[in-house]
Amino acid sequence: MRILFCGEHYAPTGGAEGYMLDVMDRLEALGHEVGMLHDTPAAPGLEDRRPARRVPGSMGFEHDKSAAVARAVRQAVEAFAPEVLYLHQAMNPAVNEALIAMAPAAQYIHGIRLTCPSGRRLPRTWDGICTKPFDIHCLWKAHTQLCMPRRPDTALRVWNDVRLNLKLSRRLHRLLVPSEYVRGLLVSGGTDPALVEVLPYYTDIPPAAERTRPSPERCILGLGRLEAEKGFQHLLEALPLIAEPTTLEIVGEGHFKGELEALARRAPERHRVLFSPWAPKAELTATYARARVVAFPSTSPETFGLVGTEAMAHGIPVVAFGVGGVAQWMSGGRTGALVPRKDIPALARALDAYLSDPGLALRHGAAGREEVRRRFLPGPHIQRLEEVLREALAAFRTP
């Protein structure tokens, strides 16, 4: 098949983009021809790797709905002549309408913006996660919950983009989502359940993951973007409740790093807090090897939480807040521990249970690795994706 990927970024800027780039490589290895239509500048080396066309303003949250951009998109699609489209992070309704008219398409829903104009579901006037379906009431919430821009014209524009994109998505052959959580949000908002299919993210099991003994260190590892909603501050709040000396290593970059470093300076002297820069997944094996437990303290409704399955693939138990799609991969009490959102004492107890019992960490880590082997390896994901794209092509050709 000739498959054109469509997305905002053509660079490894995050989990969604990393997934997209990896899928491209795997599909090409299977003999498919792959191209890329993107919005922002490509990462060095990628533009020459396969056919790619950039149309600024075409895909991102800040997009251009002009006829000129839609025309440039149509020209890019015609130049590649795809048999099928695979959409990612495509937020411009004018462009999405043009794309859907030109070729059969499926979309992978990485975030929750089709179900929430803010893309976060985190009200600012109360501490919790919004569970309401997307509808006209979201405009009122801009004022009552401060979860959208308060200027009426801006709020209406953002809300209307979601409305139009959601309407257009129902014309696709399939909406693929990483978790039952995202599927539930879409279905509660009126999307046909038959259109939405759960196809979880995948990860490889590295050779070094076959642990025969746990890490000798009392080390907690946290990985991700250093933003407030990722919850690393709660790990630092939990440290005083852990009696024995412990190392906390936080790997990542982000705007919240300064605040986290300030909190780390107030940690009890018996503990050590390290900050390490983000590194490609292939370079993190030694980092995982130091950890006895991985913490995933996000307080936002994650669509999945790929860090969790990657930790499990390395044979390490995970402690996480029970939010969003985390339950898609977490088996609490068998591969890790789910604790209530922002329950700091419960977080500290769950972490200390693994730190203080190396045998428990080893057993739950091994169970997590087997869960990845059973449910989250690349092969079944790519096979089902190929089937979906072929089904889309066949349905488009059928009179």
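Starting from 1, residues in each chain are numbered consecutively following that chain's sequence as written. Totals for whole chains, interfaces and linings use every residue, but because this is a predicted model, local features are given only for residues with pLDDT of at least 70 and side-chain atom pairs only at 80 or more, for both listing and counting. Each side-chain value is derived from all of the structure's non-hydrogen atoms; neither hydrogens nor water enter the calculation.

Caption draft 1: Broad picture of the pattern of salt bridges. Note on definitions: salt bridges are taken to be side-chain nitrogens of Lys or Arg within 4 Å of carboxyl oxygens of Asp or Glu. Per the counting criterion, the structure on display carries 24 salt bridges. Of the charged contacts, one joins Lys230 and Glu302 as a salt bridge, the two residues approaching to 2.7 Å between their closest N and O atoms. One end of the pair, Lys230, is in the loop between β8 (219–223) and α7 (232–238); the other, Glu302, is in the loop between β11 (293–296) and α10 (306–313), with 72 residues separating them in the sequence. Each member of the pair, Lys230 together with Glu302, is buried. Notably, a salt bridge pairs Arg390 with Glu386, separated by 3.9 Å at the nearest N-O pair. Linking Arg390 with Glu386, this pair stays in helix α13 (residues 378–397), spanning four residues, or about one helical turn. The rule is simple: take the accessible area with a 1.4 Å probe, protein chains only, and divide by the maximum for that residue type; under 20% is buried, over 50% is exposed, in between is partly exposed. Judged by relative accessible area, Arg390 falls into the partly exposed class, the value being 45%. A network of salt bridges, in which partner residues are shared, links Arg174, Glu197, Arg384, Glu387 and Glu391. The numbering of helices and of strands both runs from the N terminus, where a helix is a DSSP run of H or I of at least 4 residues and a strand a run of E of at least 2.

Caption draft 2: Seen up close, the side chain of Gln107. Relative to the helices and strands, Gln107 resides in strand β5 (residues 105–108). Discounting residues that sit within four places of it in the chain, Gln107 has contacts with Tyr86, Leu87, Ala90, Leu172, Arg174, Leu175 and Leu176. Residue contacts follow a heavy-atom distance rule, with two residues in contact if any of their heavy atoms lie within 4.5 Å.

Caption draft 3: Up close: the sheet that holds strand β9 (residues 247–251). When DSSP finds two or more bridges between a pair of strands, those strands are recorded as paired. Spatially, β10-β9-β8-β11-β12-β13 is the arrangement adopted by the six strands of the open sheet, whose pairing is parallel. Among the strands making up the open sheet, the edge pair consists of β10 (272–276) and β13 (336–339). Strand-to-strand twist of the sheet, defined as the mean angle between neighbouring strand axes without regard to direction, takes the value 20°. In this sheet, strand β12 (residues 318–321) lies alongside β11 in parallel orientation, the contact comprising three bridges. The residue of β12 that forms the bridge with Val294 is Val318. Axis lines are fitted to C-alpha atoms, over the contacting stretch for helices. Their N-to-C directions set the angle, which ranges from 0 to 180 degrees. Each of β8, β11, β12 and β13 is contacted by helix α11 (residues 344–356), which is oriented at about 170° to β13, the strand it contacts most.

Caption draft 4: Here's a closer look at the packing of aromatic side chains. In this analysis, rings of Phe, Tyr and Trp, with Trp reduced to its six-membered ring, are considered paired at centre separations within 6.5 Å, and the interplanar angle assigns stacked below 30 degrees, edge-to-face beyond 60, and tilted for intermediate values. Applying the stated criterion across every chain, the model contains nine aromatic pairs. Ring geometry for Tyr19 against Tyr202: centres 6.0 Å apart, planes inclined by 55°, an arrangement best described as tilted. Here Tyr202 lies in the loop between β7 (196–198) and β8 and Tyr19 lies in helix α1 (residues 15–29), a separation of 183 residues in the sequence. Look at Tyr19 and you get buried, because its relative accessible area is 5%. Its relative accessible area of 8% is what places Tyr202 among the buried residues. Summarising the aromatic geometry, the rings of Tyr108 and Tyr201 are spaced 5.4 Å apart at their centres and angled 40° between planes, so their arrangement reads as tilted. Within this pair, whereas Tyr108 is found in strand β5, its partner Tyr201 is found in the loop between β7 and β8, the two being separated by 93 residues in sequence. Of the two residues, Tyr108 and Tyr201, neither departs from the other in class, the shared state being buried. Feature note: the residues Tyr19, Tyr108, Tyr201, Tyr202, Phe304 and Phe376 constitute an aromatic cluster, connected by ring pairs. The lysine or arginine in question, Arg2, covers the ring of Phe80, its NZ or CZ lying 4.1 Å from the ring centre. The rule for a charge over a ring is simple: NZ of Lys or CZ of Arg within 6 Å of the ring centre, and within 35 degrees of the ring normal.

Caption draft 5: A look at unusual backbone geometry. Located in the positive-phi region is Leu146, a residue other than glycine, with phi close to 55°. Judged by relative accessible area, Leu146 falls into the partly exposed class, the value being 27%. One non-glycine residue, Lys342, adopts positive backbone phi at about 65°. Considering the arrangement of structural elements, one finds Lys342 in the loop between β13 and α11.

Caption draft 6: Spatial organisation of the side chain of Asn165. Within the secondary structure, Asn165 sits in helix α5 (residues 152–169). The class for Asn165 is buried, based on a relative accessible area of 8%. Each residue touching Asn165, except ones within four places of it in the same chain, is listed here: Ala90, Met91, Asn92, Pro93, Asn96 and Leu114.

Caption draft 7: Structural detail: the state of the cysteines. Whenever a pair of cysteine sulfur atoms sits within 2.5 Å, that pair is classed as a disulfide. Summed over the entire model, instances satisfying the criterion amount to zero disulfides. In this structure Cys116 is not part of a disulfide, and its nearest cysteine sulfur, from Cys147, lies 6.3 Å away.

Caption draft 8: Geometry of α5. Here, expected helix span is obtained from the residue count minus one, scaled by 1.5 Å. If you check α5, its first and last C-alpha atoms are 25 Å apart, about what 18 residues at 1.5 Å a residue would give, namely 26 Å. Among the residues of α5, Ala155, Val158, Trp159, Asp161, Val162, Asn165, Leu166, Leu168 and Ser169 are the ones counted as buried. Of the surrounding secondary structure, the elements contacted by the buried residues of α5 are α3 (93–102), α4 (137–144), β6 (174–177) and α6 (180–188).

Caption draft 9: How the structure looks around the sheet that holds β7. Pairing is parallel in the open sheet, where seven strands are placed in the order β3-β2-β1-β4-β5-β6-β7. Each edge of the open sheet is held by one strand with a lone partner, namely β3 (52–54) and β7. Strand-to-strand, the axes of this sheet are offset by a mean angle of 20°, without reference to chain direction. Across four bridges, strand β4 (residues 84–88) lies against β5 in parallel orientation. Looking at the pairing, Leu87 lines up with Gln107 of β5.

Caption draft 10: A look at the nonpolar core. Take the buried residues of types Ala, Val, Leu, Ile, Met, Phe, Trp, Tyr and Cys, join any two whose side-chain atoms come within 4.5 Å, and each joined set is a nonpolar core. In this structure, Phe5, Val23, Tyr86, Val294, Trp329 and Leu351 are the most contacted members of the largest nonpolar core, which totals 85 residues. Per-element tally for this core: the top contributor is α11, with eight residues. If you look at the next biggest cluster of nonpolar residues, it comprises 36 residues, including Met59, Val73, Ile109 and Ala155.

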